[in-house]
Amino acid sequence: MIDNAALNEAFTSGTSPIQPCKTYLKHYTETLKERFATGLIPTSQLVTERASLVDEILKRAWQQYFPGATEAALVAVGGYGRGELHPSSDIDLLVLLNSEKNFDSLKTGLEQLLTLLWDIGLDVGHSVRTIDDCVREASQDITVITNIVESRLLAGSQPLFEVMLEATGSDKMWNSHDFFEAKWQEQIERHAKHDNSISNLEPNIKESPGGLRDIQTIGWVAKRHFKIKNLHDLVAHGFLTEAEHKTLIDGQNHLWRVRFALHLLTGKHDDRLLFDHQRTLASQLGYDNDYANLAVECFMRDYYRTVMELSRLNEMLLQHFQEKILLKDELGDPTAINRRFQSRSNFLEVTHDQVFEETPTALLELFLILQENPKLKGVRASTIRLIRSHTYLMDEQFRQDIRAQRLFMEILRQPIGITRAMRRMNVYGVLAAYIPAFEGIVGLMQYDLFHVYTVDEHTLMVMRNLRRLTVPVYAEEHPFCTQLMNTLPKEELIYLAALFHDIAKGRGGNHSELGAIDAFTFCRQHDLSEYDSHLVSWLVRNHLVMSMTAQRKDITDPEVVQAFAAMVGDISRLTYLYLLTFADSRATNPAAWNSWKDSLLRDLYIATRRALLRGLENPLAQEELVKEKQDAAMWNLQQSTNLRGEAIQGLWSTFNHEYFLTHSPNAIQRHTESILATPAHELPLLKMRQTAKRGGTEVLFYGIDRDNLFAVITTRLDQLALSIVNARVMSTSAGFSLNSFLVLEQDGSPVEEGQRRDEIIEMLREGLIQEGDQPLNVTRSLPRRHKHFDTPTQIYFTQEPNLQRTAMRLIALDRPGLLSDVGQAFASCQIRLQHAKITTLGAEVEDIFFITDRENNPILDETQLECLKQAVTERMSE
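What you are looking at is a predicted structure, and each value in this text was computed from that prediction instead of being measured. (Residues numbered from 1 in each chain as written. Predicted model: local features only at pLDDT ≥ 70, side-chain atom pairs only at ≥ 80, totals over all residues. Heavy atoms only, no water.)

## Here's the deal with the overall build of the protein
Right, on to step 1. Helices and strands together make up the secondary structure of the protein, namely 39 helices and 17 strands.
Right, on to step 2. Its C-alpha atoms give the protein principal-axis dimensions of about 105 × 75 × 50 Å.
Right, on to step 3. Relative to its 878 residues, the protein shows a buried fraction of 57%.
Right, on to step 4. Of the contacts formed within the protein by residues at least 6 apart in sequence, a portion of 70% connects residues at least 24 apart.
Right, on to step 5. Total accessible area on the protein is roughly 37,500 Å²; 49% of this is exposed by carbon and sulfur atoms. (Helix = DSSP H or I, 4+ residues; strand = E, 2+ residues; numbered from the N terminus. Buried < 20%, exposed > 50% of the residue type's maximum accessible area, 1.4 Å probe, protein only. Contact = heavy atoms within 4.5 Å. Areas by Shrake-Rupley, 256 points an atom, 1.4 Å probe, with all protein chains shown as cover.)

## Considering the state of the cysteines
Right, on to step 1. Under the defined criterion, the tally for this structure stands at 1 disulfide.
Right, on to step 2. Here cysteine 829 engages in a disulfide with cysteine 867; their sulfurs sit 2.4 Å apart. Taking the sign of the torsion about the S-S bond as the criterion, the disulfide between cysteine 829 and cysteine 867, at about -85°, is left-handed. You can see cysteine 829 sitting in the loop between helix H38 (818-828) and strand S15 (832-837) and its partner cysteine 867 sitting in helix H39 (residues 862-877), a full 38 residues away along the chain.
Right, on to step 3. In this structure cysteine 829 comes out as buried when scored by relative accessible area, which is 4%. (Disulfide = S-S within 2.5 Å.)

## Focus: the pattern of salt bridges
Right, on to step 1. Across all of its chains, the model carries 52 salt bridges by this definition.
Right, on to step 2. Across the salt bridge formed by arginine 380 and glutamate 323, the nearest N and O atoms sit 2.9 Å from each other. With arginine 380 in the loop between strand S8 (378-379) and helix H17 (381-389) and glutamate 323 in helix H14 (residues 295-326), the pair connects residues that are 57 residues apart, well separated along the chain.
Right, on to step 3. Residue glutamate 323 is classed as buried on the basis of its relative accessible area of 9%.
Right, on to step 4. Note that arginine 399 and glutamate 396 form a salt bridge whose closest N and O atoms lie 3.1 Å from each other. (Salt bridge = Lys/Arg side-chain N within 4 Å of Asp/Glu carboxyl O.)

## Quick notes on the sheet that holds strand S7 (residues 347-350)
Two orientations exist for strands paired in a sheet by backbone hydrogen bonds: parallel and antiparallel.
Right, on to step 1. Ordered by their spatial adjacency, 4 strands build an open sheet running S5-S6-S7-S8, and the pairing between neighbours is mixed. Strands with a single pairing partner mark the edges of an open sheet, and in this sheet they are strand S5 (335-336) and S8.
Right, on to step 2. Two strands pair when backbone bridges link them, and strand S6 (residues 341-344) and S7 are joined in this way by 4 bridges, in the antiparallel orientation. Within S7, the position partnered with phenylalanine 341 by the bridge is valine 350. (Pairing = 2+ DSSP bridges.)

## Focus: the packing of helix H36 (residues 709-719) against helix H37 (residues 755-769)
A pair of packed helices is characterised by two quantities: the angle between their axes and the separation of those axes.
Right, on to step 1. Direction vectors running N to C along H36 and H37 enclose 145°, while the axes themselves pass 10 Å from each other. Note on packing geometry: the crossing formed by H36 with H37 is right-handed. Contacts between H36 and H37 pair Leu709, Val712, Ile713, Arg716, Leu717 and Gln719 from the former with Ile760, Met763, Leu764, Glu766, Gly767 and Leu768 from the latter.
Right, on to step 2. Residues belonging to the contact of H36 with H37 are distributed by class as follows: 8 nonpolar, 2 polar and 2 charged. (Axes fitted to C-alpha atoms, helices over the stretch in contact; angles between N-to-C directions. Left-handed = near helix turned anticlockwise from the far one by under 90°. Nonpolar A, V, L, I, M, F, W, Y, C, P; charged D, E, K, R; others polar.)

## Section: the packing of helix H2 (residues 18-38) against helix H3 (residues 43-65)
Right, on to step 1. Here H2 crosses H3 at 170°, and the two axes come no closer than 11 Å. As far as their axial angle goes, H3 and H2 are roughly antiparallel. Facing Tyr24, Leu25, Tyr28, Leu32, Arg35 and Phe36 of H2, the residues of H3 in contact are Thr43, Gln45, Leu46, Glu49, Arg50, Leu53 and Ile57.
Right, on to step 2. In terms of residue class, the contact of H2 with H3 is built from 8 nonpolar, 2 polar and 3 charged. (Parallel < 35°, antiparallel > 145°, perpendicular 65-115°, else oblique.)

## Concerning the pairing of strand S3 (residues 124-130)
Right, on to step 1. Sheet analysis places strand S2 (residues 91-97) next to S3, joined by 7 bridges and oriented parallel. Following the sheet pairing, aspartate 92 is matched in S3 by glycine 125.
Right, on to step 2. As a crossover connection, the stretch from S2 through helix H5 (residues 103-119) into S3 is right-handed. (Right-handed = clockwise from strand over helix to strand, strands pointing away.)

## Considering the packing of aromatic side chains
Right, on to step 1. All told, the structure shown has 27 aromatic pairs when counted by the stated rule.
Right, on to step 2. Seen from their ring centres, tryptophan 652 and phenylalanine 660 are 5.6 Å apart, and the 75° between their planes marks the pair as edge-to-face. Each member of the pair, tryptophan 652 together with phenylalanine 660, is buried.
Right, on to step 3. Three or more aromatic residues joined by ring pairs form one cluster here, namely Phe180, Trp184, Phe226, Phe239 and Phe321.
Right, on to step 4. Above the ring of phenylalanine 179, the side-chain terminus of arginine 224 is found at 5.7 Å from the ring centroid. (Phe/Tyr/Trp six-rings, centres within 6.5 Å; stacked < 30°, edge-to-face > 60°. Lys NZ or Arg CZ within 6 Å of the ring centre and 35° of its normal.)

## Section: the pairing of strand S10 (residues 696-704)
Right, on to step 1. In terms of burial, S10 is largely enclosed, as 8 of its 9 residues are buried.
Right, on to step 2. Inspection of the sheet shows strand S9 (residues 685-691) paired to S10 by 7 bridges, in the antiparallel sense. Bridge pairing in S10 links leucine 685 to tyrosine 702.

## What to know about the nonpolar core
Right, on to step 1. Counting residues in each nonpolar core, the largest one holds 195 residues, and the members touching the most others are Phe321, Phe356 and Phe408.
Right, on to step 2. Looking at this core, the element that brings in the most residues is H14, giving 17 residues.
Right, on to step 3. If near-sequence neighbours (up to four positions away) are discounted, phenylalanine 356 is found in contact with Phe341, Val350, Ala362, Leu363, Leu366, Thr383, Leu386, Ile387, His390 and Leu393.
Right, on to step 4. Judged by nonpolar contacts, the second largest core, of 46 residues, contains Leu686, Met688, Val729 and Val822. (Core = buried A, V, L, I, M, F, W, Y, C linked by side-chain atoms within 4.5 Å.)

## Topic: the environment of threonine 383
Right, on to step 1. Within the element layout of this structure, threonine 383 appears in helix H17.
Right, on to step 2. In this structure threonine 383 touches Leu348, Glu349, Val350, Phe356 and Leu366, once residues within four positions along its chain are discounted.
Right, on to step 3. Within polar-contact distance, the side chain of threonine 383 engages the backbone nitrogen of valine 350 at 3.2 Å. (Polar contact = N/O pair within 3.5 Å; in protein donor to acceptor, adjacent residues only side chain to side chain.)

## What to know about the sheet that holds S2
Right, on to step 1. One open sheet holds the 4 strands; their spatial order is S3-S2-S1-S4, and the pairing between them is mixed. For this open sheet the edge positions go to S3 and strand S4 (152-156), each flanked by a neighbour on one side alone. Taken over all neighbouring pairs, the strand axes of this sheet differ in orientation by 25° on average, direction set aside.
Right, on to step 2. Packing against the sheet, helix H6 (residues 131-140) makes contact with S2 and S3, and its axis sits at approximately 110° to S3.
Right, on to step 3. Where helix H8 (residues 158-167) meets the sheet, it contacts strand S1 (72-76), S2 and S4, and its direction lies at approximately 100° from that of S2.

## Quick notes on helix H12 (residues 242-266)
Right, on to step 1. The terminal C-alpha atoms of H12 lie 36 Å apart, and with 25 residues this matches the ideal 36 Å at 1.5 Å per residue to within 8%.
Right, on to step 2. Just beyond H12, the residue with positive phi is glycine 267, at close to 70°. (Expected span 1.5 Å × (residues − 1).)

## Points about the environment of arginine 832
Right, on to step 1. In this fold, arginine 832 is placed in strand S15.
Right, on to step 2. Sequence-wise, arginine 832 and aspartate 707 are 125 residues apart; in three dimensions their C-alpha atoms are separated by 8.3 Å.
Right, on to step 3. Those residues in contact with arginine 832 that sit more than four places away from it in its chain are Asp705, Ser731, Phe850, Ile851, Thr852, Asp853, Arg854 and Asn856.
Right, on to step 4. Engagement of the side chain of arginine 832 in a polar contact is seen with the backbone oxygen of arginine 854, the distance being 3.1 Å.

## Brief notes about unusual backbone geometry
Both trends apply: most residues other than glycine have a negative phi, and most peptide bonds are in trans.
Right, on to step 1. A cis amide bond links leucine 683 to the next residue, proline 684, at an omega of 10°.
Right, on to step 2. Among the secondary structure elements, proline 684 is positioned in the loop between helix H35 (665-676) and S9.
Right, on to step 3. Although it is not a glycine, asparagine 196 sits at a positive phi angle of roughly 50°.
Right, on to step 4. By the secondary structure assignment, asparagine 196 is in the loop between helix H9 (176-193) and helix H10 (212-226).
Right, on to step 5. By relative accessible area, which is 55% here, asparagine 196 ends up exposed.
Right, on to step 6. The phi dihedral of lysine 227 is positive, around 60°, even though this residue is not glycine.
Right, on to step 7. If you trace the backbone, lysine 227 turns up in the loop between H10 and helix H11 (233-236).

## Some words on the side chain of serine 537
Right, on to step 1. Assignment of secondary structure puts serine 537 in helix H27 (residues 530-541).
Right, on to step 2. A distance of 3.0 Å separates the side chain of serine 537 from the backbone oxygen of alanine 516, its partner in a polar contact.
Right, on to step 3. The contact partners of serine 537, leaving out residues within four places of it in the chain, are Ala516, Ala519 and Phe520.

Listed below in structure tokens is the structure:
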């Protein structure tokens, strides 16, 4: 596809080659897009072809600007040195000089060359160095020597280029040992920047674990140590099988195809798979929705599975290199463990290559041995290869083998190493082979901002969170959960529930119900009692119930707690479910987990445990609970203040029944003391305090009631970039309003004392003392990621006759000003807000508002409900 005649004409016409080259490149790029879009031409061909085109331009330019130059050379380095160029890849060049004295004579030509390249639209990175410069820089910088390893002569002096290669050879600097150690450490640090996870929501095709850079790392080490030309040469050296080489190249080609499409789409060198592009790329690359998953989810699943397989190969090959390069003189004699396994230099290996064929259950035994021998550093690469090539033995007959079943359960019952064993089993393909249903969730992602891991990685994170509760060194991280974890009679049951809780995702249907069936079958096959099997199945079926109850319902309502307690049935189940919910929530999106959500779950657990101890047949009445709280608050006030009982009772008589139901005795005490200590002329009262138990910062308001009060306060808090997670609003019979907001900073932390709190109080007071209408607009921008989700506004109403109120459930796209808009809709429809529970799930909110009419009665008028629904919907669409 390279038109040499056109290129020759551009450089021999006697005029500047810039315009004809620019025109030719533009035409070539358009043709390239068309050829790529057909899907008929391998991306690998297009990548090398584009590099060849740039080669031809540079060779002609060198000949024109450096005619007869014998003391210089033009060298391609980096990816271009490998002969690979994606549409927006940088073109890295080294101008090699024999001596600094030559620079002045070549300066004009170099300026003309670079001007040409920039003007025709190529992104060029260049350096000008002598041999001595190359030696000095390469000896000090692993990046420089890596570029030289991949260097390729384009034009100029061949002898000069060879001298440079000789001067920077592994016998002069960066021997195989040092080079490998440096590249290995470089990879470790690079992976750490990407959270050591292949399943980031917006992965970097090049830099993330399992990405193209991991393949390049293998190539660099191999070229430096073995002096090979390409990855296939590793087959001859015994480091790769033909099948593994094919997997490596297939993975590279898949990532190349995605990267090529990304560069064409964005027109720039950016290797991040941002949400901005994922849907478009999925469509362009031919993905469609299937029965259970969006096209973009299918596209990203293929990406994650590809990088997972590449990550497995990378780990195996680097371990091979470690043994060959770092440990070549240190691998000692084997130490027998049993007839099937031995240790060599603290790495586990099989005693002979037929171990798995002769004893298939050794495929599981290996992980148990690693747990039982914590001094073992890992598995030898040769044994990893044997594991990967023998997972086919794990068929249905294998799964029915009682020896295999006992080994698997023994792995889950070990005191240490369970998380590491499960992760290794997943990486080596053993977990999906032993539990076929697990294969369906490997690499499966959900296209939202809430689930930040693939389902398989999330599952293992849940197990990790549970295991961490059993490790003494982490006991102070979550002491309440750690204490409960130590009371579980059988820890392996909660690990099994974690393993199966999301195993049916991506199949269509209710994944909790389908997973519960899988879990029960698995447990019975593994000789668990019927009681234990039912418990695991019940946990899987109900693993979402506790979080939904805590976040969507008013757990201060005794009837809500009573209903949840009846569903749970006993304290043992409650404890298992609480710990599973805690671990699951933290593993879904660690950044979204905060002390407020922690306190919600803990409060529900404590209240439910109290209900179960009291007896389901003897529920706590609302009146009894209100009296308990009032008595406790009154005693505290009389012990710590000089307030008279008549003044306290007088204030309380203006409060409604629900206030006492929904606040703790300590909160009632604080509010009462603050209000009675504030003279009328100093109102409105505004106070902030950190609430350790509730995990946030309380903003308290007490002042004259008015229609748009909620809208004013939420607008100001939102403008201050605070996240409101809970709001309780009460209009007193004396014409005042008592509002309590629980807020967090954007990173999920409480508000610090000092200047930040002063700023918040001042801005709230400024808004509250303004008379008449005021603009209630939040000017913060919608986060970039949120723009790519189409979340239709949904509103549902339910009646709560026991509390004389109506519940409004709002599902919508999370955006600045949302609560302000809801508050303004309430005011326009004559609605009074009593309580709000705010839940953000990535880019989506699922908020619950408990509302009444102006007379504090539930809203039964359909016309008024329709008014509210229309008002909220209209504001959401603005």
